[in-house]
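Given next are the chains, with one letter for each unit.
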Number of protein chains: 2
Amino acid sequence: MENFVFQSPTRIIFGKGSEEEAGKETKKFTNKVLLHYGGQSIKKFGLYDKVIKSLKNENIEIFELGGVKPNPRLDLVYEGIKICRQKNINFILAVGGGSVIDSAKAIAAGVKYDGDVWDFYISDKKAPQFLPVGVVLTIPAAGSETSNGSVITKEDEKLKKAYVDENMRPVFAILNPELTFTLPKEQTLYGISDILAHGLERYFTNSKNVDFSDRLIEGAFKSLIKNTYIVLEKPLDYAARAEIMWIGLLIHNGILGMGRIEDWGSHMIEHEISAIYDIAHGAGLSIVFPAWMKYVYKHDINRFAQFAVRVFGAETYFGEEERMALEGISKLRNFYKEVGLPVSLKDVNIPDTYLEEMAKKCTADGPVGKFVELEEKDVLSILKLALK
Amino acid sequence: MENFVFQSPTRIIFGKGSEEEAGKETKKFTNKVLLHYGGQSIKKFGLYDKVIKSLKNENIEIFELGGVKPNPRLDLVYEGIKICRQKNINFILAVGGGSVIDSAKAIAAGVKYDGDVWDFYISDKKAPQFLPVGVVLTIPAAGSETSNGSVITKEDEKLKKAYVDENMRPVFAILNPELTFTLPKEQTLYGISDILAHGLERYFTNSKNVDFSDRLIEGAFKSLIKNTYIVLEKPLDYAARAEIMWIGLLIHNGILGMGRIEDWGSHMIEHEISAIYDIAHGAGLSIVFPAWMKYVYKHDINRFAQFAVRVFGAETYFGEEERMALEGISKLRNFYKEVGLPVSLKDVNIPDTYLEEMAKKCTADGPVGKFVELEEKDVLSILKLALK
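Attention in this report is confined to the structure presented alongside it.

Criteria and cut-off values
- Residues numbered from 1 in each chain as written.
- Chains lettered and ligands numbered in written order.
- Predicted model: local features only at pLDDT ≥ 70, side-chain atom pairs only at ≥ 80, totals over all residues.
- Contact = placed C-beta atoms within 7 Å.
- Helix = DSSP H or I, 4+ residues; strand = E, 2+ residues; numbered from the N terminus.
- Nonpolar A, V, L, I, M, F, W, Y, C, P; charged D, E, K, R; others polar.
- Pairing = 2+ DSSP bridges.
- Expected span 1.5 Å × (residues − 1).
- Buried ≥ 20, exposed ≤ 12 C-beta atoms within 10 Å, placed from the backbone.
- Arc of directions from axis to C-beta.
- Least-squares fit on C-alpha atoms with pLDDT ≥ 70 in both.
- Axes fitted to C-alpha atoms, helices over the stretch in contact; angles between N-to-C directions.
- Parallel < 35°, antiparallel > 145°, perpendicular 65-115°, else oblique.
- Left-handed = near helix turned anticlockwise from the far one by under 90°.

1. Some details on the interface of chain B and chain A
Then, in step 1: Chain B puts 31 residues into the contact, and the matching count from chain A is 31 residues.
Then, in step 2: When residues of the side of chain B that touches chain A are traced back to their parent elements, those giving at least two are β1 (4-14), α8 (211-233) and α9 (238-250) of chain B.
Then, in step 3: If one sorts the elements of the side of chain B that touches chain A by residue count, α8(B) sits on top with 10 residues.
Then, in step 4: Looking at the side of chain B that touches chain A residue by residue, the classes come out as 15 nonpolar, eight polar and eight charged.
Then, in step 5: Bridge count for strand β1 (residues 4-14) of chain A against β1(B) is seven bridges, and the pairing is antiparallel. In the strand pairing of β1(B), Phe14(A) is matched with Phe4(B).

What follows is the structure, given as structure tokens:
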């Protein structure tokens, strides 16, 4: 196990009706809020009204900035920073999924900074101060509701970059699984794919003696898979929605990766795909992972065999670990396919036109991934494996 | 899954040499500290000197209060409160195991309170304010290093009582697994028994649809059992000591019990035994649990069968769940025995003299336990089952 420091002070309010706490939780920090959200869905299903009412009950002055899109854009972040400065707003309430939260975090990082907030995403610079961010989560996926990261896209340069900072964790996260009942099937699945990927990035590690966290991540995989089948059949199943939402938070909170060197190569590769094609992050991940696995499994066949046995219940055959490793990869790919996630670039109509460009951009700052360090040629090979 | 609120802001510094951070972490809060510890072991093995040096490096003024014993006493808590008030100390650094930390938490609760700190342990009263507490952990067991609870014994009345308060969680917890190399075998085992018990209290629940947290707890059990055998053979095995220390923290941090109604009946019963006989808490728990399980398993045979299969690898026989349930209980008892933990009152030379008194005191405030609510007669039956 590696040495580590862990601190995650986010207050988690989980359960039915929890969105009604938004006002009270916000009031602990401020009398004036920037309410940040995406499109029409929160208005359509009544969440917007509930949050507004909850804030008004506490006499909190509300400024609004909607319009966050998947793969959230830097332009809107700039707009949010401007509003906060002009109106002297010191708290951001993000109501939505990972994109809204990531956008809110970026605004929170930029308001008290004299330079360009994009600096934090493309250099080692850290924000001198963050506005506190609160969250009402509507999509279990990114884990951004308690995580230390934010991913923003600079559209004109087709750049999608991450900024990680421990001071970025939200001060509270409100999770009501009922709010996810109305998610379209595709969005539910993309979220699940993202959650699974956050486990995979942590699971495939070179750190030794990490049995406990192995088992925590395996437990998350197993429950996630079980509950995926349930929500596909019964989208209004509270229990299954709740498990998925709780897994989505905990798998990316950091705690399941403590003592482990995490990988994150597949995420880097996926960012290049969705930066150019604007496909859902979760769709890109279910495409990249099976290809990545096929490319790297020989690096630690035993770990892949363990994955096959413990997560997918493959039978144990000592001496036949390579076959078992491949069986596990195949089972994961089949799971993606069976539930309706894409498993190849072909499935989302992406041709081989920009593979070289993606591989080059992906490794522009050096190799990506820690389990196996991937250079440009490796990333290109993985992308080619992902073609069909 | 039940609704819940969770927040655990403790900063966890884990790994080799981490005790050297004690001064820096303390300095964030204070220039004056009450150093609270137990007996001679921290001096014998050099930890005391290291901590003193680390504090002095930061020019922190040090006041000391040693002498904490297992089942920490209220008298010493009063003394700590007095010192903090006299010397105007606003921070307590606990160096030791659960007893030292629980004692530090009690002092922290009492300093700013006009009344008797014991009030918090015997009534619903909450401390108006806590001094911040930092921890350097030496025994993985109680989980007190990040938990929200403290257990104190009032010797003259033979009362051992718990106080739970979210504001009681330490501000930082330093865990160096190397510090546990020198623990005597018995103390290692009592710690492991306590850790296991913290999982069992959460595992046996009436809450439905808690598959994810079931699996997290099961993972903790499996890793704990695996690593117990390793440290018994190789006390200086860093990897195994590290896994046990991390499991000990996480299993009682609260996060593995979220969404579940926890039991805690067995802990209440054990407290009555160790209040009278002053045996180690962990020894009492390995005695009480098999008896408790035998008494309550019919309440949810499937859960006990699942425990047998998932934790102890028992073979699955649908339709024979009761037999499997009993097999699981037997396997747990055998594990305790095999590693050298007592499994009956006879094993620790406790006769049946005070069983009635224990059962009565245990249920003085009403039934204990949530999985099955135990009345006086139930507790007595369990204690009788535990006799041999």
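2. Considering helix α4 (residues 74-87) of chain A
All names here are of chain A.
Then, in step 1: Helix length check: α4 (14 residues) gives 20 Å between terminal C-alpha atoms against 20 Å at 1.5 Å per residue, within 8%.
Then, in step 2: Restricting attention to buried positions, one finds in α4 the residues Leu74, Leu76, Val77, Gly80, Ile81 and Cys84. Summarising the axial view, the buried residues of α4 lie within an arc of 155°, below the 170-degree limit, and thus occupy one face. Among the exposed residues of α4, those oriented more than 90 degrees off its buried face are Gln86 and Lys87.
Then, in step 3: Where the residues of α4 are buried, they touch β2 (32-37), β3 (61-65), α5 (98-110) and β6 (149-154).
Then, in step 4: Within two residues after α4, asparagine 88 carries a phi angle of roughly 55°, on the positive side.

3. Remarks on the environment of Gly134(B)
All names here are of chain B.
Then, in step 1: Among the structural elements, glycine 134 can be located in strand β5 (residues 133-137).
Then, in step 2: Separated by 146 residues in sequence, glycine 134 and alanine 280 place their C-alpha atoms 24 Å apart.
Then, in step 3: Other than its neighbours up to four places away in sequence, glycine 134 contacts Glu25, Thr26, Phe91, Leu93, Pro170, Val171 and Phe172.

4. With respect to the relation of the copies chain B and chain A
Then, in step 1: If you rotate chain B by 180° and push it 0.0 Å along the axis, it lands on chain A with an RMSD of 0.0 Å. The two molecules are tied by a two-fold rotation axis, judged by turn and shift. Relative to the rotation axis, the C-alpha of Pro9(B) is the closest in chain B, positioned 2.0 Å from it.
Then, in step 2: Interface overlap between copies is the fraction of interface residues in one copy that are interface residues in the other; for chain B against chain A it reaches 100%, indicating a shared surface.

5. Some remarks on the packing of helix α14 (residues 355-362) of chain B against helix α15 (residues 376-385) of chain B
Residue and element names in this part refer to chain B.
Then, in step 1: Two numbers describe how α14 lies on α15: the axes approach to 8 Å, and their chain directions differ by 140°. Comparing the axis directions of α14 and α15 gives the class oblique. The way α14 lies across α15 gives a crossing that is right-handed. Contacts between α14 and α15 involve Leu355, Glu356, Met358, Ala359, Lys360 and Cys362 from the former and Glu376, Val379, Leu380, Leu383 and Lys384 from the latter.
Then, in step 2: When grouped by side-chain class, the residues that make up the contact of α14 with α15 number seven nonpolar, no polar and four charged.

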